[in-house]
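What the coordinates show
Listed here are the chains, written in short residue letters.
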Amino acid sequence: PNVFRWNGSGPTGGYWEEGTIDNTVFHPHMQNAIELRMVIFTRWGEKIFESNKVNVGWDGYLNSGVLAIEGVYVYKAWITYYSGEQEIVAGDVTFLH
């Protein structure tokens, strides 16, 4: 996924459950992950969000608690799976209000 929208009501903490579809929290597509580090950057390279929990993605709020502006952001994620396999994924994501 590379587009998600604000939930319209406030911060959620970014929690999501594997197997559910929630277009208000951004996270890399992954199954059977045991570790995740995901960082979100502005297009100028400023880090605005970081998660170190498998089931916590980005709900569009900055680490400061302020809602991010609509736009394109860059992410990088380091994922470790139950099998021991590791993967690094990176790309862009569009945030809409």
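Residues numbered from 1 in each chain as written. Predicted model: local features only at pLDDT ≥ 70, side-chain atom pairs only at ≥ 80, totals over all residues. Heavy atoms only, no water.

**Some points on the pairing of strand β4 (residues 71-81)**
A regular strand places its side chains on the two faces of the sheet in alternate fashion. Put simply, the rule is: Criterion used throughout: strands pair if DSSP finds at least two bridges between them. Helix numbers and strand numbers start at the N terminus; a helix is a DSSP run of H or I with at least 4 residues, a strand a run of E with at least 2.
Here strand β2 (residues 33-41) runs beside β4; their pairing, made up of eight bridges, is antiparallel. Bridge assignment links Ala33 to a residue of β4, and that residue is Tyr81. Relative to strand β5 (residues 86-96), β4 is paired through ten bridges, and the arrangement is antiparallel. Its bridge partner being in β5, Ala77 is matched across the sheet by Val89. Remark: four residues form the turn of the hairpin made by β4 and β5, two consecutive strands paired antiparallel; Gly84 in that turn has positive phi of roughly 95 degrees.

**A few points about the environment of Gln86**
Turning to its location among the elements, Gln86 is positioned in strand β5. Through-space distance from the C-alpha of Gln86 to that of Arg5 is 29 Å; in sequence the pair is 81 residues apart.

**What to know about the sheet that holds β5**
Quick reminder of the rule: Geometry is summarised by axes, namely lines fitted to C-alpha atoms with helices restricted to the contacting stretch, and by angles between N-to-C directions that run from 0 to 180 degrees.
One open sheet accounts for five strands, arranged β1-β5-β4-β2-β3; its pairing is mixed. Edge strands, defined here as strands with exactly one partner in the open sheet, are β1 (3-5) and β3 (47-51). This sheet shows a mean twist of 25 degrees between the axes of neighbouring strands, independent of strand direction. One ladder, built from four bridges, connects β2 with β3; its direction is antiparallel.

**With respect to the packing of aromatic side chains**
Threshold: Aromatic contacts are taken between Phe, Tyr and Trp rings whose centres are within 6.5 Å, Trp giving its six-membered ring; a plane angle under 30 degrees counts as stacked, one over 60 as edge-to-face, and the others as tilted. Note on exposure labels: buried denotes an accessible area under 20% of the residue type's maximum, exposed denotes more than 50%, and partly exposed covers the range between, all computed with a 1.4 Å probe on protein chains only.
If you walk through the whole model with that rule in mind, you get seven aromatic pairs. Between Phe4 and Phe95 the ring centres are 4.8 Å apart and the planes differ by 35 degrees, which places this aromatic pair in the tilted class. In this pair, Phe4 sits in strand β1 while Phe95 sits in strand β5, placing the two residues 91 residues apart along the sequence. Residue Phe4 is classed as buried on the basis of its relative accessible area, which comes to 2%. Of the residues examined, Phe95 reaches a relative accessible area of 0% and is grouped as buried. A ring pair is formed by Phe49 and Trp58, whose centres lie 6.5 Å apart and whose planes are at 35 degrees; its orientation type is tilted. A residue is classified by how much of its surface remains accessible, and Trp58, at 0% relative accessible area, is buried.

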